[in-house]
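Chain by chain, the residues:
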Amino acid sequence: MNVERRALNGIVVNIFSFAFNLGQTVLIVPILIKFWGVESYGLWLTISAFITLLQTIDNGHQNYVGNELTKFYITGYSTEKLKQTLASSIWMAGILGCLQLIILIGIIAFGFIEKIFGTNSVITENKEIGDALIVLVVTWILTGSVGGILSRLYLPLGMYVRFTTWGIIAQFFKVTSILLTAILGGKLLVACIASSLVSLIVYIFFFREVYQIFHNLYPFWTNGSWKIAFTNVSKSFFLTGVGFLLQLQNNGLTLFVSGIVGAAFIPALSTMRTLTNTFLTGTAIVTMSLIPEMTRYHTQGEHKKLADMISTAWWSGGLLINLGLVITLPCIEPIYLHWTRGQISFNWVLYLILAWSISLKNFGNPQSIYLMGINQIKAQTTIAVVQTTIILGITSLFLAKYGLVAVGIAIVCSEIIGSGIIATIYTTLELRSLGGNLLFTRIVSAFFAVVIVGLTYISVGLYWLSPLIASIVGGIILIGLYVWQWQYLSIDVRYRLIKLFYKFTSLSYKHPT
């Protein structure tokens, strides 16, 4: 299967994933607010954020092992070596899962639940919250901890579609079980138990498919080596730390705000970030399926193809995200108020700030994906440390005075420095080490679209233009910019993009001669 075909399949499944995530978001917020109330819904968000933060202990190890498995397939490998690495990783996954459970039990035993979830929350049943957390962690140990290792076998074989599809299936049944529980009158603990049972059933089918596809590696847990297990986990410590810092920017920020002002403020922050992150999901449609290709080009030293791929992601991702951020301005407020049933006020300033941070992040996403795919630990660590420090620092200093707007400003500052500057510098250095370069004109041209989005938002925030007029003016300028940028993409890149488009419409297209 060639690059275009793999990219096409990846884009198609990511579009479906985007539509699914958008659909579940549209449903879950109004339903849970209706049946649980805003404050209990905020508590549910805080529980989810805490569990996701705890799972970061596993994620760094899984990502490192996954990248190593990809390198095995690219450079050639022996089945025995692959099987030994896989078994060692599964052993370590079991240990890391148990570590998460021990940490959670310690938090519950020493009475830190209320400190984490905020004193203003509906936490009259501390024991029930503790039980819910234990149920979720135990389920993760039995499913995602080991399953996350096995799922990494799909990617180097070009099975990104299957990999993503299983995630969609698991999420669909999990969300469905939570919604049904809420509608039928069940509370938080019941919802956690229901989603856990459903996850166990889904993973049984997943493990069955893994056995069928990779039966030559079965049993997956034998012939491992504790030396390899501890070597890999020690090398992944930085990735785990990076993942933890990244989670602090998202779910950790939720816990941080909840601990300062209470869980009652979380629905407003969460729904607004969910709304803006919907656009960010569109970035994944373009870039996530390119990770194996970027890793392959880097390993093989094909710097020109790497630079072209980054430029392609800038153009296509920018066209999709930046244009979407601008032309949707007139309908954002009514959509949000309808979505939250009017129980959460729409904050224009917070939305504009958070939405611009998405444009900034979209600019840095191709670079970040590339650095992650090649296990550039120093770059990932630097970006994560700087961004987390900025977000938590500015939030802690100004949250009490400026409210949630301070959170938005903190996120924007972190994206300017992390995604806009540091990620680009490290990517340029990597390309130079391969004998290539990321042209300065390409960087400036791609970032100029981000500036246009920012200026459009400023005109709305300062009441210079209405959202409708701003969206028209900004949209026209962006379209003109991307038409101009198209002329400066290489002929081969333009051919590949047109070929992908025509494949969507089942038409043929010949390379220009």
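One structure accompanies this document, and this report is about it. Quantities reported herein were computed from a predicted structural model and do not represent experimental measurements. (Residues numbered from 1 in each chain as written. Predicted model: local features only at pLDDT ≥ 70, side-chain atom pairs only at ≥ 80, totals over all residues. Heavy atoms only, no water.)

**What to know about the overall build of the chain**
Across its full length, the chain carries 20 helices and zero strands. Counting all 513 residues of the chain, 53% fall into the buried class. Accessible surface, the chain as shown: approximately 22500 Å² in total, 69% of it carbon and sulfur. (Helix = DSSP H or I, 4+ residues; strand = E, 2+ residues; numbered from the N terminus. Buried < 20%, exposed > 50% of the residue type's maximum accessible area, 1.4 Å probe, protein only. Areas by Shrake-Rupley, 256 points an atom, 1.4 Å probe, with all protein chains shown as cover.)

**A closer look at the side chain of Glu430**
Inspection of the secondary structure assignment puts Glu430 in helix α17 (residues 404-433). No salt bridge is formed by the buried Glu430; its nearest oppositely charged neighbour, Lys378, is found at 9.3 Å. In this view, Glu430 contacts His298, Tyr370, Leu371, Ile374 and Gln376; residues no more than four positions away in its chain are not counted. (Lys, Arg positive; Asp, Glu negative; His and termini not counted. Salt bridge = Lys/Arg side-chain N within 4 Å of Asp/Glu carboxyl O. Contact = heavy atoms within 4.5 Å.)

**Structural notes on helix α6 (residues 160-183)**
Here α6 spans 35 Å end to end across 24 residues, near enough to the 34 Å set by a 1.5 Å rise per residue. Buried residues of α6: Tyr160, Thr164, Trp166, Ile168, Val175, Ser177, Ile178, Leu179, Thr181 and Ala182, and no others. Phi for Gly185, located one or two positions after α6, is positive at around 95 degrees. (Expected span 1.5 Å × (residues − 1).)

**Here's the deal with α17**
Taking 1.5 Å per residue as the helical rise, α17 with its 30 residues ought to reach 44 Å, and the 42 Å between its terminal C-alpha atoms agrees with that figure. Of all the bends in α17, the greatest, near 30 degrees, is centred on Glu415. When you tally the buried positions in α17, you get 21 out of 30 residues, the bulk of the element. (Bend = angle between axes of the 7 residues up to and from the residue.)

**Observations regarding a nonpolar patch on the surface**
Together, Leu455, Ile458, Leu462, Trp464, Leu465, Leu468, Ile469, Ile472, Val473, Ile476 and Ile477 line one region of the surface with nonpolar side chains, adding up to about 1100 Å² of accessible area. Sorting the residues of the nonpolar patch by element identifies α18 (440-461) and α19 (467-486) as the ones contributing at least two each. In terms of residue count, α19 provides more of the nonpolar patch than any other element does, six residues in total. (Patch = residues over 30% accessible without salt bridge, like charges linked within 9 Å, V, L, I, M, F, W, Y side chains within 5 Å.)

**Details of the pattern of salt bridges**
One pass over the full model with this rule turns up five salt bridges. The salt bridge partner of Lys305 is Glu302, with a shortest N-O separation of 3.0 Å. Taking relative accessible area as the criterion, Lys305 reaches 39% and is therefore assigned partly exposed. Residue Asp308 pairs with Arg442 through a salt bridge whose shortest N-O separation is 3.4 Å. Residue Asp308 is located in helix α13 (residues 303-327), and its partner Arg442 is located in helix α18; the two are separated by 134 residues in the primary sequence. Linked by salt bridges that have partners in common, Lys304, Asp308 and Arg442 make up one network.

**Some remarks on the environment of Leu104**
With respect to the element layout, Leu104 can be found in helix α3 (residues 79-109). For the pair formed by Leu104 and Ile134, sequence separation is 30 residues and the distance between their alpha carbons is 7.3 Å. Here Leu104 is in contact with Phe50, Leu54, Leu133, Ile134 and Val137, once residues within four sequence places are set aside.

**Topic: the environment of Ile178**
Tracing the backbone through its elements, the reader meets Ile178 in helix α6. The exposure class of Ile178 is buried, given its relative accessible area of 3%. When the C-alpha atoms of Ile178 and Leu32 are compared, they prove to be 8.9 Å apart, with 146 residues separating the residues in sequence.

**Overview of the packing of aromatic side chains**
For any pair of aromatic rings, geometry is given as the distance between the ring centres together with the angle between the planes. The tally for this structure, following the rule as stated, stands at 23 aromatic pairs. Where Tyr218 meets Phe220, the ring centres are 5.5 Å apart and the plane angle is 85 degrees; that geometry is what we call edge-to-face. What makes Phe220 buried here is its relative accessible area of 5%. Here Tyr218 and Trp221 contribute two aromatic rings whose centre-to-centre distance is 5.4 Å and whose plane-to-plane angle is 85 degrees, an arrangement assigned as edge-to-face. Tyr218 gets classed as partly exposed once you look at its relative accessible area, which sits at 39%. Chaining the aromatic ring pairs together yields one cluster made of Tyr154, Trp166, Tyr203, Phe206, Phe207 and Phe214. (Phe/Tyr/Trp six-rings, centres within 6.5 Å; stacked < 30°, edge-to-face > 60°.)

Note that all results are geometric; they support no functional claim without further evidence.
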